[in-house]
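Spelled out from the first residue to the last, the chains are:
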Amino acid sequence: MPATFFYTIEVIANGLMTGVMYSLVALGFVLIFKASGVFNYAQGVMALFAALTLVGIQTGQVPFAHLINTIFGTHYDKFGWQVPTLVAILLALGVMILFAYLVERLILKHLVNQDPIILFMATIGLAYFMEGFGDLMWGSDIKKLDVGLPQGGNLWLEGATAGWAEGFYGFYLDNLDMWATAIAVVLVASLMFFSNYTKTGRALRAVADDNQAALSVGISLRTIWVIVWSLAGFVALVAGIMWGAKSGVQFSLSLIALKALPVLMLGGFTSIPGAIVGGMIIGVGEKLFEFSVGPYIGGATENWFAYVLALLFLVFRPQGLFGEKIIERV
Amino acid sequence: MFYREAGDYKKTYAEDTQTFPIKLDRMGYYAILAIALIVIPVMLANDVGGGANYWANAILLPFLIWAIASIGLNVLVGYCGQLSLGSGGFMAVGAYASYKLMTSFPDLNIVFVVILSGIVTALVGIMFGLPSLRIKGFYLAVATLAAQFFLVWMFNKVPWFYNYSASGQISSPTRTIFGFEVTGATATPEARYLFCLALLIALAWVAHNLTRGRIGRSWMAIRDMDIAAEIIGVAPLRTKLSAFGVSSFFVGIAGALFFSVYLGAVEVGEAFGIQKSFLLLFMIIIGGLGSIFGSIIGAAFMVLMPVLLKNIMVGQLGWATDIAAHFEFVIVGALIIIFLILEPHGIAQLWRLLKEKLRLWPFPH
């Protein structure tokens, strides 16, 4: 077999794993959209904020250090301690839950029964707010996130597959990407289990189905919203850890939210498996396109390929692959 | 007491359909026009108080240009209900179209260059508006992101658009109207200001009359309930595409002005990135969806607020610029949320309420 064949397989495998990383962000969107009909643009910034908080707690940074120093002329920077990774993750999760509570309290409660578009724009406002707030709190420099996951290419796999064809040096797969895939699988499985077999999960599905009816059988919408936003915060934390470990915790992390949007359109806004499958299609599609067509038209096609693919796809199937059929009545 | 329509009789059809039917509104409008057309240019030309260039570059020109763009986006989002996140890309189309026209036809007057760039952008906008016939709401918003990213990528990667220049930047040559330079490095602030202002007045008038005529009503019908509109005979194809076309025309003109008159030299990813699309969206949310007046006020608000914040935090308090920039994000975000909670219809609605109150003042029921 020719080496190009194996290289194509490598590109596909890498694409699949990048796609899983997109799906991690897309999952948070789906959770919130299903339960409250809110299209949460801030999901990407939540991932950034969660990762920033995690790094901040882990390395013992003083929150708002920059601001405090500017106003009071002091020179605080670090507390001088290191928090163990697991504790830091739990604390960051606590912050995300607090955040979910505040969002419900300060924003969602006041916007009940508004048009979906108004809610969407409110989440854009929320995204801006959190971006500025996160930077004020933890500083805007690029931070390194180390939670003990293995980094770099997998040497064993590369060595084992080298020489399968003339001029083929073995599959280059990133350890971190493989971990991310495994974690995503566990995450999705536990989310499915949670929503199918627990009481709270059932309540979540009831609210997603018909919130009026759910309200009338005694499910508290506001509690459900806090739970859903906390769950989305948890997913954001996982996504933030993965992306942060991969490319450093920095502003561009919040832009992966934009990449998650075409994933959602492909998979459908209301389907958890759809988010995963959509992510994989986008991941493989853009990698293959860049690999095969990219060099002829100037490269960097990853910037737009996902959107154009989603656009073309939507023209033929407006509700996405797994979305509920959109039925409209006058 | 003072603000009323009582006693203001309309005797002809023309009087009844004029742009400002209430006398006090009309007088206020003329007063604003007089200030904008005479007082401000004279002040700029004589450099009253110093810093005419700063005023023109930091406040007046961005305000005028963003006002044109936000009228354009408001036609699409506020009047026709089609959410678009691709306006930054369409502004880039306007900018690059004007650049190609200026460099290919050096004798063409800048007015025609700007209008032709608007038309080119309108055609591109109609093309990207085609999917709106099949997809709606958020799905459409995401689809317009395709326009944003694809267009910016294209202007970056295809050398023909920037005339194979080494830096990949485009810079605008000097062009004149009636002998006055309006583009290029040596143009005076008052000439550039008047050029943009004239376009804003003309375009706002066009938009106002479009939105209250047959086309505007069909846009609003589609916005309010598209299926019902279709049943009573509003053609969705023509209506949606005309909204995309008109909107992109305005946004394209704004992009052309942004490049040629305001910035002078442009790097596409920086000047017309996704952030610009959001900025424009914020302008029309804060100003008021479905209101021409609101678009202009929203643009003024979003242009003035960062300047004001920067002056207070960096100028008065002496903070570092990056802290000020972060605060700006926090404040903009918080303002958007507060506006949406308190008054989802923006400043324009507050103005309407104020006028209602003024009618009864000082003797409310």
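Our subject is the structure listed above.
One numbering rule holds for all chains: residues counted from 1, following each sequence as written. Whichever chain is written first is A, and whichever ligand is written first is 1; the rest continue in order. Owing to the predicted nature of the model, reporting of local features is limited to residues with pLDDT of at least 70; listing and counting of side-chain atom pairs is limited to 80 or more, with chain, interface and lining totals taken over all residues. The side-chain quantities take in all heavy atoms of the structure and omit both hydrogens and water.

(A) How the structure looks around the nonpolar core. We define a nonpolar core as any set of buried Ala, Val, Leu, Ile, Met, Phe, Trp, Tyr and Cys residues linked to one another through side-chain atoms lying within 4.5 Å. Categorising residues by exposure relies on relative accessible area from a 1.4 Å probe, with only protein chains included: less than 20% of the type maximum marks a residue as buried, more than 50% marks it as exposed, and the intermediate range marks it as partly exposed. Core analysis: the largest hydrophobic core is formed by 216 residues, its most contacted members being A:W229 and B:L257. When residues of this core are assigned to their parent elements, the largest contribution, 16 residues, is made by helix α10 (residues 221-247) of chain A. We call two residues in contact when some of their heavy atoms are within 4.5 Å. Those residues in contact with B:L257 that sit more than four places away from it in its chain are B:I65, B:I68, B:V114, B:F195, B:C196, B:L199 and B:Y262. Formed by five residues, the second largest nonpolar core is a distinct cluster that contains A:F6, A:L157, A:F171 and A:L173. Secondary structure is summarised from DSSP: a helix means a run of H or I of at least four residues, a strand means a run of E of at least two, and numbering begins at the N terminus for each.

(B) View of the pattern of salt bridges. Residue and element names in this part refer to chain B. Whenever Lys or Arg places a side-chain nitrogen within 4 Å of a carboxyl oxygen from Asp or Glu, that contact is recorded as a salt bridge. What the rule picks out here adds up to five salt bridges over all chains. D25 serves as the salt-bridge partner of K355, at 3.9 Å between the closest nitrogen and oxygen. With K355 in helix α15 (residues 346-360) and D25 in helix α2 (residues 23-46), this pair connects stretches of sequence that are 330 residues apart. Residue D25 is classed as buried on the basis of its relative accessible area, which comes to 18%. For E356, the salt bridge identified is with R359, shortest N-O distance 3.0 Å. In this pair, E356 and R359 both sit in helix α15, three residues apart, roughly one turn of the helix.

(C) Region of interest: the interface of chain B and chain A. The partner chain A presents 54 residues to the 41 residues of chain B that form the contact. Buried surface at the junction of chain B and chain A, summed over both partners, amounts to about 4,500 Å²; 81% is from carbon and sulfur atoms. Joining two parts hides part of their accessible area as seen by a 1.4 Å probe, and the buried area is that hidden amount summed over both. Ranking the residues of chain B by area buried against chain A places B:F138, B:Y139 and B:W153 at the top, with a combined share of 17%. Taken together, chain B and chain A are joined by zero salt bridges. Any pair of nitrogen or oxygen atoms within 3.5 Å is treated as a polar contact; in protein, a donor-acceptor pairing is required on top of that, and neighbouring residues in sequence qualify only through side-chain atoms on both sides. In this assembly, chain B and chain A are joined by two residue pairs in polar contact (both at pLDDT 80 or more). Where the side of chain B that touches chain A is concerned, the elements lending two or more residues are α6 (137-157), α9 (226-231), α12 (274-287) and α14 (321-342) of chain B.

(D) Geometry of the environment of A:K109. Residues and elements named next belong to chain A. Relative to the assigned elements, K109 resides in the loop between α4 (85-106) and α5 (116-138). According to the relative accessible area criterion, K109 is partly exposed, its value standing at 32%. Put simply, K109 and L221 are 112 residues apart on the chain and 10.0 Å apart in space, counted from C-alpha to C-alpha. Sequence-distant contacts of K109, defined by excluding residues within four places in its chain, comprise E104 and R222.

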